Amino acid sequence: MQWETVIGLEIHAQLATRSKIFSGASTAFGAEPNTQACTIDLGLPGVLPVLNQEAVRMAITFGVAIQAEIAPRSVFARKNYFYPDLPKGYQISQFELPIVGKGRVEIELEDGTLKPVGVTRAHLEEDAGKSLHEDFHGMTGVDLNRAGTPLLEIVSEPDMRSAKEAVAYAKKIHQIVQYLGICDGNMQEGSFRCDANVSVRPKGGPLGTRAELKNLNSFRFLERAINIEVERQIDLIEGGGAVVQETRLYDADKDETRSMRSKEEANDYRYFPDPDLLPVELDAGLIESVRAGMPELPDAKRARFARDYGLSSYDAAVLTASKGLADYFELAAKVAGDAKLAANWVMGEFSGALNQAGLALEQSPVSAEQLGGMLLRIVDNTISGKIAKQVFEAMWAGEGSADRIIEARGLKQITDSGAIEAVVDAVLQANPEQVANYRNADEQKRPKMLGFFVGQVMKQSKGKANPQQVNELLLKKL
Amino acid sequence: MHNKSISELAHGLRTGEFTSVELTRVHLDRIASHNPTLNCLVSVCEEGALQEAELADRRLRAGDVGQLAGIPIVHKDIFCTDGVKTSCGSRMLDNFIAPYDAHVVSRLKQAGVVMLGKANMDEFAMGSSNENSFYGPVHNPWQAGAVPGGSSGGSAAAVAARLCVAATGTDTGGSIRQPAAFCGITGLKPTYGRVSRYGMVAFASSLDQGGPMARSAADAAALLQVMAGFDGRDSTSAEQPVPDYSATLNDDLKGLRIGVPKEYLGEGLEAAIADSIQAALGEFVRQGAELVDISLPNTHLGVPTYYVVAPAECSSNLSRFDGVRYGYRCSEPRDLEDLYKRSRGEGFGAEVKRRIMIGTYALSAGYYDAYYLKAQKIRHLISDDFRAAFEQVDVIMGPTAPSTAFGIGEKSADPVTMYLSDIYTIAVNLAGLPGMSVPVRPVNGMPVGLQLIGNYFQEARLLNVAHQLQQATNWHSATPAGFE
């Protein structure tokens, strides 16, 4: 039997507002427990929610980015259930009328073809707090700092057919929210969380029963969890069993999914419109102003990079993977006046150095202006590409601008033909045997043999002689 | 001193005839002698009140001419008060002290009022008799053994017994107007959104509204003047200018069109009460008003609709009382479920639990459309009845309640009979309109309330109409025996 996998994702993106969605408390990560929870977040009697308009603007921005319908009227509803980290006994979310309706994104498959993936909806809601089960000796601690943090829940259509597609979609959404500046995308801190609805069916058949996978806090775990869940479901069905609708938790340590709760145990959330909040009525002007202020999105930027800078599709994709990297590249290219050279350096030496040091782009010791300034010196022949690597290392070590390093270390390229000629003459004089061999060799072998003399000249000049001039002079004299 | 109106008291305080401390002491003394029998206050803030009175006296000496400066009042115990227990009439909040003032409380505090204490009430404002209080029933000053009405029964009784000059109340289905009627005082439920709900413990958020309870329309106007107005902390608060409520009190009523709904004067209303209402209507006719027969055809749907919407909202609003962060927690919970079940089971009274059950049921999957959604649709029909009526008339009048105050224990065994005591008041909440109750001719020595219903944000008109009645009659100034 040929099986087909069907996957839909629910992504919770934490919106990068400074304060919470219904209160003025800070959303900053990592504070002492319960120091960022005000009376509203604590659910004290009589306090009331007031909607953070910035969260609304961010949701609209996302909707515009995925070409979705923005609801002129959306409604907050209460999702009722009891849990100690849910202070009010209900979560304020959107149910029947979400702010963002149907939209779509395109993902690139491994063979380079593009596949559209539908977004069913995206809605605003508040996060719950955290239950801390360790450190309390048989008790549970509750930290409500996170309670009331704004989330955008993005629900996809069941359009993905493999774990790889699911990852490509998740990465695409991750890229978009970061480009828009509405989410920091930090998966470790939980700013970007994925749940996957996974089912299998005989190819072309009706949809199978799905399991919802939770606790997928990296793209790698997302892929891994889906693959083992698909295997589990196929084994189960082929063994004569049936998949039951349930929520399953992915355990990365054991590399397995296990049942958390079944459909029967699921809560009846008793959704109803929250009477404390008015419906969100958006006027067309606001949506238009968001549309007018939209930043360039990843797909558009990638196409522009390929077109305007003459980069390959692959290079353009690498450089636009994050907005930060794209901005870095563009600034470096502008300063250097050579986009291809900048692209090679940003993807090569620069990214390599970041990786090696384990640094994020924002932590880079070399700014885009600095890198561009150094590249400019390659372009204007002040230094060679090889010397540039030394300069780059020195810049990385914090020795200042490229010009300062070149000056301080005397790395300026020798372009004075008289000076180079003297070195060339000395090298030829010191190696009569090789000169004779060269002259007796046939044309085909000569280029390789020329390398010896170039190497000697560069060595004598400590790498500073202009390689092109060295070549020309050697050819002339030999 | 305790029989004076707010304007008389304000004059006396400004002119130095007496001080706020003296005025406050008079009321504290009355509380000390009468509260043990009436049980209308659950907290008495003697020390705090005297401090506030001293502060008010300083402000008065410094020329603070605010009409409420130095006036002693009580707050219904549903309004959060910084540093003073806010129990909401429940064991659940018997240990709860809010770290903030409700909007209404802070506005009145800024105006210089003196808080004498917190008033007893039906638990979480659920009730029509004040029998559903963890702190026991309140007695009606007009007749020991009779209920004061509810849920703002403590406030109404305290005002009627002259233990305070005025009080705050809240009204979700009649909780200001019905006790005002039973206790012979003047109570106003403003338009939904007129008074901020911030810091008012929620019962049914789409219906709850705070308002003044006082001995006259003029006093109620003075209180509302301070309580009303936009508050950014309540998303349902209205951004409507607040008119000068006192300025229009004396407008004459010539040509006023009074709608009298036939549904309010028919079956179920005691004949003697109908006569009292007619007597009051006659007074308005004498003043030049015109009576118009109208119909509010969906009136009979008010109580059933209310008992879906209000419990549904309360079932969710009261979920926060879970024994985890504050309030009552059962002893030695075995596990989380036990903590929830026993904390809520022991912390809430029977009526509250009944309504949580009804509301939970009404919102459940499979029942939502049949109950909650249907009720919301009927709510629109009820609003439409009023909308149509206000195209013909300026105010609507009828009885506040179908009977006078009944005996403690008389209806408590039968919740539905109890629910029907709010039959005339509930529709006003469902529509979000302002409503008022003013005393008219008593029946067998017990107060009767005339209900005035206005169009949206027409509180000034209601106060004006009520004031004109009170200028021409003295029903509102009757004092229960023993409390003169």
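Peer 1: What is the right way to look at the environment of Gly63 of chain B in this model?
Peer 2: Within the element layout of this structure, Gly63 of chain B appears in the loop between helix H3 (46-61) and strand S2 (72-76). The exposure class of Gly63 of chain B is exposed, given the 7 C-beta atoms found within 10 Å.

Peer 1: Explain the interface of chain B and chain A to me, please; I cannot follow it from the model alone.
Peer 2: Contacts between the two partners involve 34 residues from chain B, matched on the other side by 25 residues from chain A. Put simply, the parts of the chain that give the side of chain B that touches chain A at least two residues each are helix H9 (302-317), helix H10 (336-347) and helix H11 (350-363) of chain B. In the side of chain B that touches chain A, the residues fall into 17 nonpolar, 10 polar and 7 charged.

Peer 1: Looking at this structure, how should I read the packing of helix H9 (residues 368-379) of chain A against helix H10 (residues 385-396) of chain A?
Peer 2: Each pair of packed helices can be summarised by the angle the axes make with each other and by the distance between the axes. Residue and element names in this part refer to chain A. Viewed as axis vectors pointing N to C, H9 and H10 meet at an angle of 160°, and their least axial separation amounts to 10 Å. By the angle between their directions, the pair H9 and H10 is classed as roughly antiparallel. Crossing angle aside, the handedness with which H9 passes H10 is right-handed. Facing H9, whose interface residues are Gln370, Met374 and Ile378, H10 presents Gly385, Ala388, Val391, Phe392 and Met395.

Peer 1: Looking at this structure, how should I read the domain arrangement of chain B?
Peer 2: Buried accessible area, meaning the area lost when the parts come together, often serves as the stated size of an interface. Residue and element names in this part refer to chain B. Split into domains, chain B comes out as domain 1 (6-252) and domain 2 (319-373). Placing the centre of domain 1 and that of domain 2 at their C-alpha centroids yields a distance of 29 Å. The interface of domain 1 with domain 2 comprises 13 residues on the first partner and 10 residues on the second. Its residues placed into classes, the side of domain 1 that touches domain 2 shows 6 nonpolar, 4 polar and 3 charged.

Peer 1: What am I meant to see in the pairing of strand S6 (residues 210-214) of chain B here?
Peer 2: Residues in a regular strand project their side chains so that they alternate between the two faces of the sheet. All names here are of chain B. Buried residues dominate S6, accounting for 5 of its 5 residues. Inspection of the sheet shows strand S4 (residues 166-170) paired to S6 by 4 bridges, in the antiparallel sense. When the sheet's bridge partners are listed, Thr168 is paired in S6 with Pro212. Pairing of strand S5 (residues 186-189) with S6 involves 2 bridges; the strand directions are antiparallel. By the bridge assignment for S6, Thr186 is matched with Ala214.

Peer 1: For this particular structure, what's the right way to read the sheet that holds S6 of chain B?
Peer 2: The pairing of strands in a sheet happens through backbone hydrogen bonds and is either parallel or antiparallel. Residue and element names in this part refer to chain B. Strand order in the open sheet formed by 11 strands is S1-S3-S2-S4-S6-S5-S10-S11-S9-S7-S8, with mixed pairing between adjacent strands. The outermost strands of the open sheet, each flanked by one partner alone, are strand S1 (41-44) and strand S8 (290-294). Looking at each pair of strands side by side, their axes are set apart by 30° on average, direction ignored. Alignment of S1 against strand S3 (residues 114-119), held across 3 bridges, turns out to be antiparallel. By the bridge assignment, Ser43 is partnered in S3 with Lys118. Strand contacts of helix H2 (residues 20-38): S1, S2 and S3, with the helix running at about 20° to S3, the strand carrying the most contacts.

Scoring rules and cut-offs
- Residues numbered from 1 in each chain as written.
- Chains lettered and ligands numbered in written order.
- Predicted model: local features only at pLDDT ≥ 70, side-chain atom pairs only at ≥ 80, totals over all residues.
- Helix = DSSP H or I, 4+ residues; strand = E, 2+ residues; numbered from the N terminus.
- Buried ≥ 20, exposed ≤ 12 C-beta atoms within 10 Å, placed from the backbone.
- Contact = placed C-beta atoms within 7 Å.
- Nonpolar A, V, L, I, M, F, W, Y, C, P; charged D, E, K, R; others polar.
- Axes fitted to C-alpha atoms, helices over the stretch in contact; angles between N-to-C directions.
- Parallel < 35°, antiparallel > 145°, perpendicular 65-115°, else oblique.
- Left-handed = near helix turned anticlockwise from the far one by under 90°.
- Domains from an automatic or database assignment.
- Pairing = 2+ DSSP bridges.

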